[in-house]
Amino acid sequence: MNTTEKYLAAKEKYASIGVDTDAVLKELEKVKISMHVWQGDDVQGFLSDGELTGGISVTGNHPGKATNPTELRQDLEKAYSFIPGKHKLNLHAIYLDTDEKIDLNEIEPKHFEKWVAWAKEQGLGLDFNPTFFSHPMFKDGFTLSSPEKEVRDFWIEHGKRSRKIAEYFGKELGQVCVNNFWVPDGYKDNPIDRYSPRKRLMESLDEIFAEELDPSLTLDAVESKLFGLGAEAYTVGSHEFYMGYGLTRQKLVCLDAGHFHPTEVISNKLSSLGLFSEGILLHVSRPVRWDSDHVVIMDDELQEIAKELVRNDLLGKTNIGLDFFDATINRVAAWVIGTRNTIKAVLKAMLEPTDYLKQIELDGDFTTRLVLTEELKDFPYADVWNYYCEQQGVPVGLDWYKEAQQYEQDVLLKR
Ligand code: RNT
Ligand code: ZN
């Protein structure tokens, strides 16, 4: 049987439980994933060749990493050519593309013009992040919550400028640019004063966000964290901090799957945020024992995240971004694996007979709930996925990997 014949058989099987696969694929097409540029070069960027700081870390030295914007875009094009659907690229301020020597408190839209031109040509949307790390003004572990005014002011200026760039992206590309704020600020050891740094962070953010920007062009998001390397005891921007901040300032709350206690999951938080938050940003990642940012695989939590979005009808208010960086494997493959898995997980969730499952739960029929959800695991979702890939003109099954290996031989290993 070819891909279409397999799809037709799967379609019949899903129809028997009341799921219309054609309609599902139409819905799936609308789901945009924001692929993070920083998997392409181990969070290096082009502002400096200094070390990665801010309590995050990339391990591995797989050959072939992109060392300039042209190479990075070439790698991104390769990755997107293996991913069904039209998506977004998530840039960080350190990925500016300019010959000018400028610092983070001087960046302007013009320093990102080449990215915009490329995104237009590729039919991609753009998201953005100010970069509060890998810089000498990340002083003694602090940025926006630093006790030194000079340090805070530097980063406040950076934050303000990042919003102008996000606004410019939104205008140019005709789709909203999510601008995500994450700061690494914290203490290695137990602090005496947990309150004042949080107050300073709140005030710095308020200054950055003082100017109202058109929400159809850009939306600000705030990302919390439990700990970082060197900030093990105390992170200023904790989950509670940003729940409070985001909800009172109408900001998107960003949940990164790796930023919680090892057994704490973000899937169980989505329904609550759905009730109270202006919008949600996800950093889909995979923590292995700690915030290790492994490539996203089809594990239970990924599927649970996707189910929560679909079952609670939250896809409309959720921006799905990815956040991982693995330098031990082919970086293009890392992007493709993580992004394809995320889309595939959304598809799997859409292939559930959601209304029926909700009804049997309301009826108190927990046996049928368990029987069905277990049986669904064996349904032929992969045949629907393969057909979707074919329909979208991207390689089916393992075919992409052959091409990716060829690209490694022809391009990456020659760098
Ligand atoms: C760090 C945060 C943050 C970064 C990127 C590079 O713990 O997850 O999102 O990964 O900004
Ligand atoms: Zn993140």
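Residues numbered from 1 in each chain as written. Chains lettered and ligands numbered in written order. Predicted model: local features only at pLDDT ≥ 70, side-chain atom pairs only at ≥ 80, totals over all residues. Heavy atoms only, no water.

Draft legend 1. Summary view of the pairing of strand β6 (residues 218-223). Burial analysis of β6 places 5 of its 6 residues in the buried class, which makes it a mostly covered element. One ladder, built from 5 bridges, connects strand β4 (residues 177-181) with β6; its direction is parallel. Of the residues in β6, the one forming a bridge with Asn-180 is Ala-221. Here β6 runs beside strand β8 (residues 252-256); their pairing, made up of 3 bridges, is parallel. If you follow Glu-223 over to β8, its bridge partner there is Cys-254. (Buried < 20%, exposed > 50% of the residue type's maximum accessible area, 1.4 Å probe, protein only. Helix = DSSP H or I, 4+ residues; strand = E, 2+ residues; numbered from the N terminus. Pairing = 2+ DSSP bridges.)

Draft legend 2. Structural view of the domain arrangement of the chain. Domain annotation of the chain identifies domain 1 (1-30 + 353-415) and domain 2 (31-350). Inter-centroid distance (C-alpha atoms) of domain 1 to domain 2 is 28 Å. With 27 residues of domain 1 in contact, the opposing surface of domain 2 contributes 29 residues. When the area that domain 1 buries against domain 2 is broken down by residue, the three leading residues are Trp-385, Trp-400 and Arg-415, summing to 27%. (Domains from an automatic or database assignment. Contact = heavy atoms within 4.5 Å. Buried area = accessible area lost by both parts, 1.4 Å probe.)

Draft legend 3. Spotlight on the coordination of the zinc ion (ligand 2). Within the protein, the zinc ion (ligand 2) binds to Glu-223 (OE), Asp-256 (OD), His-283 (ND1) and Asp-323 (OD); these donor distances fall in the range 2.1 to 2.2 Å. In this structure, the zinc ion (ligand 2) is surrounded by 6 donor atoms whose angles at the metal cover 71 to 168°, and the resulting shape is octahedral. Read from N- to C-terminus, the donor residues coordinating the zinc ion (ligand 2) fall into the pattern E-x32-D-x26-H-x39-D. Of this pair, Glu-223 sits in strand β6 while Asp-323 sits in the loop between β12 (318-322) and α10 (331-350), and the two are 100 residues apart along the sequence. (Donors = N, O, S within 2.8 Å, 3.2 Å for Na, K, Ca; no water. Tetrahedral: all angles 85-135°; square planar, octahedral: opposite > 155°, others 65-115°.)

Draft legend 4. Inspection of the site of ligand 1 at higher detail. Around ligand 1, a shell composed of Trp-38, Ile-56, His-92, Trp-182, Glu-223, Lys-225, Asp-256, His-259, His-283, Asp-291, Asp-323 and Phe-325 is seen. The contact in question runs from an oxygen atom of ligand 1 to an N or O atom on the side chain of Glu-223, over 2.8 Å. Asp-323 places a side-chain nitrogen or oxygen 2.7 Å from an oxygen atom of ligand 1. Protein chains bury 99% of the 310 Å² of accessible surface belonging to ligand 1 in isolation. Here ligand 1 is seated within the largest cavity. Classifying every residue of the shell around ligand 1 gives 4 nonpolar, 3 polar and 5 charged. (Near = heavy atom within 4 Å. Polar contact = N/O pair within 3.5 Å; in protein donor to acceptor, adjacent residues only side chain to side chain. Areas by Shrake-Rupley, 256 points an atom, 1.4 Å probe, with all protein chains shown as cover. 1 Å grid on protein atoms, 1.4 Å probe; cavity = no way out; pocket = protein on both sides within 12 Å on 5 of 7 lines; lining within 4 Å. Sits in = over half its atoms within 2 Å of the grid points. Nonpolar A, V, L, I, M, F, W, Y, C, P; charged D, E, K, R; others polar.)

Draft legend 5. Geometry of the nonpolar core. Grouped together as the largest cluster of nonpolar side chains are 118 residues, with contacts concentrated most on Leu-76, Leu-91, Trp-115 and Phe-169. If one sorts the elements of this core by residue count, α10 sits on top with 11 residues. Counting only domains with at least three residues in this core, you end up with domain 1 (1-30 + 353-415) and domain 2 (31-350). Ignoring anything within four residues of it in the chain, the contact list for Phe-169 reads Leu-91, Phe-112, Val-116, Leu-126, Asp-127, Phe-128, Gly-174, Gln-175 and Cys-177. (Core = buried A, V, L, I, M, F, W, Y, C linked by side-chain atoms within 4.5 Å.)

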